[in-house]
Every structure is written in C-alpha cells, then in structure tokens.
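# Inside the fold
Okay, here's what each chain looks like letter by letter:
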Amino acid sequence: MRLLLGHLLLPLLLLISSTTCLDNGLARTPPMGWMSWTAFYCETDCAKHPDGCINEDLYKAMADQIVIDGYNLVGYKSVHIDDCWSEMERDVNGVLVANKTRFPSGMKKLAKYMHRLGLKFGIYEDYGTKTCAGYPGSYKHEKVDAETFAAWDVDYLKLDGCNIDEDLMPIGYPLMGKELNATGRPIMYSCSWPAYLINHPEKVDYNVIGKHCNTWRNFDDINSSWKSIVSIISYYDKNQDKHIPTHGPGKWHDPDMLVIGNKGITDAMAISQFTIWCIWSAPLIMSNDLRIISENSKVILQNQEAILINQDPLGVMGRLVKNTTDIATYVKQITPSRGNKKSFAFALLNRNEAKSYRKVEISLSAIGLTDPAGYYVHDVWAHADLGLVRPGDSIIVDLEPTASVFFRADVAGIPGHAQRRRIYPLNNSRVVYEFEKVQLSTLKKLEFADFLRTNRVPF
Ligand code: GLA
C-alpha cells in the first residue's frame, strides 16, 4: 500500500511543483537592458519617423549602440520589444505574426541578431484579449504563444494585463509561466499583474506572485518627468513593508524603466533615479535613444560602482529609514557581510524640484550603521574615499534640487575585504576595483566596435 501511494504521490508532486512554481533559475540579479516603450511608445508611422518607429531597424540600432558604447560590458544585456510589434490578426492557425512591413525579417532573425552580439532578446504580450495598444492578446492562446516565443528564441517575456478581468489574473499569469516552462527554453518572465490591482491591495500577494514571475510591475507607467519619478518613489516608500520581504534573487519588484537620457530629465534627476533604482536592486531597463544620448547620461548609466550595488548578490531592496518633507534617506545591506558584521549602501534624496539644502548632516548610527569598528565609506558618484568612518561620526552633504548622494559603507574588520574600497578611475567615468578585477578600457571598446562591423547578421 505504501508503495502504491508512493507511486501515486510522486507524479502528483511533480505535477504540483511543475504547475505551481516558475522556478526557472533565472534573474538571480536584477535584469538590465533596454526597452522601447517610454522612448518610442507605439509609433508605427515609419514613413514619417524612419528613425523612431517600432520596426526591426530600431531594435538592431539599439543593440548596436549597446555594444559600441560598452553598455553590455557593465551589465546591460537585453533588448526588449514592447507593444505594437505584431499584425492585428493571428494567422489561420492562431499563431502571432510579426508585422510584415515593420519586421520583414521576422522575430527569429531579430533574435539571432541580438544573440550574435551576445545580447538577450525580449518580447511583449498581454494576458488579455488585446494588448494595451489593441494588438492581439494571449488570452486562450497561452500555449501557442509560449511555443511561438520559444521557437523564435525569445529570452524574456513582458506580459501586460490590459483587457482582462482582474480576477482571472491569478489563473492566467501562472498559466503562462507554466507554458513558458513547458517549452524547455529558459525565458525570463515579467508580469504586470499587480500593476492592475493598485486599487485592490488586498488582492496582491507578492509571495504568490514571486512564485510565478521573475519580475513584476506594480505601479503606473513612468514618463520622462521628475513628477513621474517621484510618484513611483512615493508609492514604493509607502509600500516598502510589503515590498522588501518579497524581493530578492529570482523575484524583483519593477518600478519601471530608466528615463535617463530623455528630454525633461536633468543630470541631477538622472543621478537620483539611478541611485534609488540601485538602492532598491530594481531592474535597470533603459528606455531612451542611445544614439543621441548625452555623454553625461551615458556616464550615469554606466557607473559601475552604482551597478555593483544594484547587482549585489544579496539582492536586498533598500529601505527608507528617515524622511522629512523633502529629504529621504535609504539604507540597503550589501556584501561583504558576515554574521553580525554587515556592509551597507546608503543614499539621501532631495525630492524638491526648487529647493536646495545645505550642510545636511547624517551620522551613521542614526541610520542604523552601528558597528563599533566603523565603515570604509566611499562616494559612489564622486568616486572618492571618505576613509574609515565610525558610527558616531557625521557626514555632511549639500543637496541641490532633485539631487542625491550615494555611498557604500564596507564594514571594517572582515578579512580580505578592506581592499575593495581602493578604486582607480579610468576615462573619468569608469572605475576598476582592484579587488573585483573588473577591467575596462578604450581598447576593449574598439574591439567590440570591430566585432560589430564584422559580425552583422545579413538579413
Ligand atoms: C502598459 C505598460 C507599459 C507598456 C504599454 C504598452 O501601459 O504598463 O509599460 O508596455 O502598456 O501598450
């Protein structure tokens, strides 16, 4: 009897584990890449906007730029198509078809183009009957769509949630995750599920969502304005007790794209968005025009010290620990940490668009950094060491409107780790950690440009 039960139970357990959990081993650190939506929206008039419409040339151009400018070398590894890529109807077999005029070579070839450059390829769909922009949705086509994406060698799916009853989401999102798993192709899975339940927080269980999705949007769409950035930050601040414990390797809250490099975003705003997204260990998915972006924006997006904190293997989402009318202070645990000895990153943000603050004082102990041995504090934007700072010591900073400061504080007394603070600036913007052995040089950039010239995929 016991034997029989064992026989019956095993397949049942296998069935349950394969149907209840995504468990694809992906996204161990927050995904980094480029996505079209906030820079190019649903522009489909390629006659009028030949360089800025949703077509294969746009994605190829961005992939090229990622490699030419070395974004890939600091971690940006994927190019994501958003809405408006398909024909308005499925084919006779119910299969999605890429728009024939704008994607004449088809998605499989576009995926190949990305893969030849060492990049991943992301696509967009919607769980509803139609996407938000009115293209065919995946509802009742989950299996065929998952198989289609796998056949096209897609690496990442953003599944939106327009045009569907929200009560179906707890069924539909896991179902698509299961179908993606069943294809056997590792496909990172981003769900917009909680973003459609902003007004029903009681229906949002991030423990459940985190079992089915690698990442998920949970708030309004970002746009290229300070107001929008601050509204997202406020939403995350308010909900941090729900967000922080449900965030980590394989499952990330996604506050939406980086708008750095777009009109309306100053350098101070750009630094602040990047700082807070890094403090959260949020996905770093840019949406901008990499062909015309300013040098400063590029330097901000490629700050390896900030990225190292974003990609820290602990994957802890930073916490707002101190808040005044305008100034928010965040703390995030990072490596190296051993037992009670913990290292941190911390940041101060001035949310006010008009008012400067001078000589703002922070003592480490006031923000929870109390190890008596002290911390090696390093300024992530100035690339400067402050030296050993004890818990009772204060750091004094100026904060211009919309500006932030960002520090890492490596706890003293973990053998072998003090040297991490020694860094060498390269080309003003890049840094090399002696300890990390990260090497970047102009020479390497040239090599990649050559690689690109000689490896273009013929269409
Ligand atoms: C929603 C999403 C956006 C984008 C559009 C596309 O609004 O939140 O990120 O994908 O749909 O229509």
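Note: the structure precedes this text.
The sections below set out a description of the structure shown in this document.

The rules behind the values
Residues numbered from 1 in each chain as written. Predicted model: local features only at pLDDT ≥ 70, side-chain atom pairs only at ≥ 80, totals over all residues. Heavy atoms only, no water. Pairing = 2+ DSSP bridges. Helix = DSSP H or I, 4+ residues; strand = E, 2+ residues; numbered from the N terminus. Axes fitted to C-alpha atoms, helices over the stretch in contact; angles between N-to-C directions. Phe/Tyr/Trp six-rings, centres within 6.5 Å; stacked < 30°, edge-to-face > 60°. Buried < 20%, exposed > 50% of the residue type's maximum accessible area, 1.4 Å probe, protein only. Lys NZ or Arg CZ within 6 Å of the ring centre and 35° of its normal. Contact = heavy atoms within 4.5 Å. Expected span 1.5 Å × (residues − 1).

The next thing to look at is the sheet that holds strand β3 (residues 120-126). Spatial ordering of the open sheet is given by β7-β6-β5-β4-β3-β2-β1-β8, a layout of 8 strands whose pairing is parallel. If you trace the sheet from one side to the other, it starts and ends with β7 (252-254) and β8 (284-286), each paired once. Taken pair by pair, the neighbouring strands of this sheet meet at an average axis angle of 25 degrees, ignoring direction. Across 3 bridges, strand β6 (residues 215-217) lies against β7 in parallel orientation. Residue R217 lies in a different strand from β7, and its bridge partner there is D254.

This part takes up the packing of aromatic side chains. Counted according to the given criterion, the structure contains 18 aromatic pairs. Ring geometry for W85 versus W152: centroids 5.7 Å apart, planes at 80 degrees, classification edge-to-face. Separated by 67 residues along the polypeptide, W85 in the loop between β2 (78-80) and α4 (107-116) and W152 in the loop between α5 (142-151) and β4 (156-160) bring together distant segments of the chain. A residue is classified by how much of its surface remains accessible, and W152, at 14% relative accessible area, is buried. Each member of the aromatic cluster is reached from another via a ring pair, and the members are F219, Y235, Y236, W277 and W280. Above the ring of Y113, the side-chain terminus of K60 is found at 5.4 Å from the ring centroid.

As summarised here, the arrangement of the 6 strands in space is β9-β10-β11-β16-β13-β14, forming an open sheet in which the pairing is antiparallel. With partners counted over all chains shown, the strands left at the sheet margins are β9 (319-323) and β14 (384-389), one partner each. Strand-to-strand twist in this sheet, taken as the mean axis angle between neighbours without regard to direction, amounts to 25 degrees. Of the strand pairs in this sheet, strand β13 (residues 375-379) and β14 are connected by 5 bridges, and their pairing is antiparallel. Looking at the pairing, Y376 lines up with L388 of β14. This element, helix α8 (residues 226-238), spans β9, β10 (327-338) and β11 (341-350) of the sheet and lies at about 140 degrees to β11. The sheet strands contacting helix α10 (residues 267-279) are β10, β11 and β16 (404-411), and the helix crosses β16 at an angle near 35 degrees.

A separate point is α10. In a regular helix each residue adds 1.5 Å, so 13 residues correspond to 18 Å; α10 covers 18 Å between its end C-alpha atoms and thus fits that length. With 10 of its 13 residues buried, α10 lies for the most part within the structure. All of the buried residues along α10 are M269, A270, S272, Q273, F274, T275, I276, W277, C278 and I279. Where α10 terminates, the next one or two residues include S281, which has phi positive at roughly 55 degrees.

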